[in-house]
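# What the coordinates show
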Amino acid sequence: MVVLVKEVETRQAALMILQYGRGLRPGEALGLCGGHLLLPEENPEGHGAGVIMLGVRAGTKAKRAQTVRVSDPFLLWIMKLFRGVVGTYEPLTGLKHLGGYNFVIREAMARA
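First, a word on scope: everything that follows refers to the structure included in this document. It should be emphasised that the depicted structure is a prediction, and the values quoted were computed from it without experimental measurement.

Conventions we followed
Residues numbered from 1 in each chain as written. Predicted model: local features only at pLDDT ≥ 70, side-chain atom pairs only at ≥ 80, totals over all residues. Heavy atoms only, no water. Helix = DSSP H or I, 4+ residues; strand = E, 2+ residues; numbered from the N terminus. Contact = heavy atoms within 4.5 Å. Areas by Shrake-Rupley, 256 points an atom, 1.4 Å probe, with all protein chains shown as cover. Salt bridge = Lys/Arg side-chain N within 4 Å of Asp/Glu carboxyl O. Buried < 20%, exposed > 50% of the residue type's maximum accessible area, 1.4 Å probe, protein only. Patch = residues over 30% accessible without salt bridge, like charges linked within 9 Å, V, L, I, M, F, W, Y side chains within 5 Å. Pairing = 2+ DSSP bridges. Axes fitted to C-alpha atoms, helices over the stretch in contact; angles between N-to-C directions. Parallel < 35°, antiparallel > 145°, perpendicular 65-115°, else oblique. Nonpolar A, V, L, I, M, F, W, Y, C, P; charged D, E, K, R; others polar. Expected span 1.5 Å × (residues − 1). Arc of directions from axis to C-beta.

Turning our attention to the overall build of the protein chain. On a plain count of helices and strands, the protein chain comes out with 5 helices and 3 strands. Of the regular secondary structure in the protein chain, the N- to C-terminal order runs α-α-α-β-β-β-α-α. Considering only contacts within the protein chain whose residues lie at least 6 apart along the sequence, 61% involve residues at least 24 apart. By element, 57% of the accessible surface of the protein chain is carried by carbon and sulfur atoms, the whole surface being about 6800 Å².

Laid out in structure tokens, this is it:
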């Protein structure tokens, strides 16, 4: 993962780690905004877990909004970092198209 941070923008690398850690599809990860990340302190019924809300605006492959529970401390830390630097409606990265994100993933994997 160190290669990813050196070769790719930090936000993109962090999103790839979050995507891999919770098994998100690239399109789901790319569609996330700051407001889609619910931290443990905002979710008292989650018993210390955070939540990623998928498909809030556009739906998911299952044609409805879904949630992913996050309890891994490292992934929660990444979520907190994202919430500290992006607004509620701001995308987590500057990438706007799935093709660009897939290119970054392929480049990072080739260097790993």
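After presenting the structure, the write-up continues.
Tallied over the full model, the rule gives 4 salt bridges. The salt bridge involving Arg11 is made with Glu90; its shortest N-O contact spans 3.6 Å. Note that Arg11 is positioned in helix H2 (residues 10–22) and Glu90 in the loop between helix H4 (73–85) and helix H5 (98–111), a separation of 79 residues in sequence. Under the relative-accessibility criterion, Arg11 is labelled partly exposed at 24%.

Let us now look at a nonpolar patch on the surface. A cluster of nonpolar side chains, contributed by Phe74, Trp77 and Leu81, occupies part of the molecular surface with about 330 Å² of accessible area. By the element assignment, Leu81 lies in helix H4.

Bringing the pairing of strand E2 (residues 50–54) into the picture now. Where a strand is regular, its side chains alternate between the two sheet faces. Of all 5 residues that make up E2, 4 are buried, and the element is covered over most of its length. As defined by bridge partners, strand E1 (residues 37–38) adjoins E2 across 2 bridges and the pair is classed as antiparallel. When the sheet's bridge partners are listed, Leu38 is paired in E2 with Val51. In this structure, E2 lies alongside strand E3 (residues 66–70), joined through 5 bridges in antiparallel fashion. Counterpart to Leu54 in the pairing with E3 is Gln66.

Let us now look at the sheet that holds E2. The sheet built from 3 strands is open, its strands ordered E1-E2-E3 with antiparallel pairing. Bordering the open sheet on either side are E1 and E3, each of which pairs with just one other strand.

On to the packing of H2 against H5, then. Interaxial distance between H2 and H5 falls to 11 Å at its minimum, and their mutual angle equals 85°. In terms of orientation, H2 and H5 fall into the roughly perpendicular class. Contacts between H2 and H5 pair Gln12, Leu15, Met16 and Gln19 from the former with Tyr101, Val104, Ile105 and Ala108 from the latter. Of the residues contributing to the contact of H2 with H5, the split by class is 6 nonpolar, 2 polar and no charged.

Attention now moves to H4. Over its 13 residues, H4 runs 19 Å from end to end, which matches the ideal 18 Å to within 8%, given 1.5 Å per residue. Of all the positions in H4, only Leu75, Leu76, Ile78, Met79 and Phe82 are classed as buried. In a view along the axis of H4, the buried residues occupy a sector of 155°, so they form one face of it. The exposed residues of H4 that point more than 90 degrees off its buried face are Pro73, Gly84 and Val85. Those residues of H4 that are buried lie in contact with H2, E1, E2 and E3.

Purely spatial values, then, with no claim about function.
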